Amino acid sequence: MSAKGTSGSARTPVKTASKSPHSRQTGKPGSGDAATRSVSKVSRPSDKLNPKTVNPFNDTTKHKTAFAAVYTNGGVPCRLAHGSVKHKLAWNTIPEQVPFDPVLVTLAEGIRETVHPYSFVARTGFKELLETPGSGEKAVCLIPKLSQPLRAALGHSDVSVFEAGLAALVQLSNVVGPALTPHMKMLLVSLAKRMMDKNLREKITESLHQLEQNSGKECLPIIKSKIPTYTSIFMY
């Protein structure tokens, strides 16, 4: 046998490393990545109650306003009360003793939030402060500061934010009355645009009736200037 033949017979076959089934990304159900994704998508009962819930491990969550940071740092003297079927607030200080400036203004800023619990705390806190005795006297001097965030909420593209802003506007009007009239023109701009939406028209009209009733006949020309089709609730 030749040397060449002997050398050839002595070679050991080289085995190629086979890929482990687990190392290949198949994209099929059962793979590691897919399993991870499926776990992250598992719905919880609380997700149905709170469709947009804050992820405490996500530092990149973007908020509409600075309210979230103020709330997280303890700048708002109330918290969401856990353990109840229906959401409610727990106040660190009784609402009657809460300083409206800056708390009420901060809550008004948070009306534009769409993430739970910030949206609930801001909207409910604003309402509950205005329900306290003497709230009208405390809120009157803050109308210029409150008008800006309310206008921003009314001009928001999210319908739920608009509705929350509309409710807050009526709540404020209920306690300050005619004092809101000088700021009415600025606040009604967004309402005029939304009147074209048939799903919101009735709610806006009811709110305008309440605003007119609270402010008196002086506000009627202002409403008519922005919404010519508006019909007064009074017979002048």
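Rules used throughout
Residues numbered from 1 in each chain as written. Predicted model: local features only at pLDDT ≥ 70, side-chain atom pairs only at ≥ 80, totals over all residues. Heavy atoms only, no water. Axes fitted to C-alpha atoms, helices over the stretch in contact; angles between N-to-C directions. Helix = DSSP H or I, 4+ residues; strand = E, 2+ residues; numbered from the N terminus. Parallel < 35°, antiparallel > 145°, perpendicular 65-115°, else oblique. Contact = heavy atoms within 4.5 Å. Nonpolar A, V, L, I, M, F, W, Y, C, P; charged D, E, K, R; others polar. Polar contact = N/O pair within 3.5 Å; in protein donor to acceptor, adjacent residues only side chain to side chain. Salt bridge = Lys/Arg side-chain N within 4 Å of Asp/Glu carboxyl O. Buried < 20%, exposed > 50% of the residue type's maximum accessible area, 1.4 Å probe, protein only.

This next bit is on the packing of helix 6 (residues 118-130) against helix 9 (residues 159-176). With their axes 10 Å apart at the nearest point, helix 6 and helix 9 run at an angle of 10° to one another. Our classification of the angle between helix 6 and helix 9 gives roughly parallel. Note on element contacts: helix 9 touches helix 6 through Ser160, Val161, Ala164, Ala168, Gln171, Leu172 and Val175, opposite Arg123, Phe126, Lys127 and Leu130. Broken down by class, the residue content of the contact of helix 6 with helix 9 amounts to 7 nonpolar, 2 polar and 2 charged.

Attention now moves to the environment of Asn174. Tracing the sequence through the fold places Asn174 in helix 9. Through-space distance from the C-alpha of Asn174 to that of Asn214 is 6.2 Å; in sequence the pair is 40 residues apart. Beyond its immediate chain neighbours, meaning those up to four positions away, Asn174 contacts Gln210 and Asn214. Here the side chain of Asn174 touches Gln210 through a polar contact of 3.4 Å, side chain to side chain.

Summed over the entire model, instances satisfying the criterion amount to 4 salt bridges. As a salt-bridge pair, Asp101 and Lys145 come within 3.2 Å of each other at their nearest N and O atoms. With Asp101 in helix 5 (residues 100-110) and Lys145 in helix 8 (residues 143-154), this residue pair connects regions lying 44 residues apart in the sequence. Judged by its relative accessible area of 45%, Lys145 falls in the partly exposed class.

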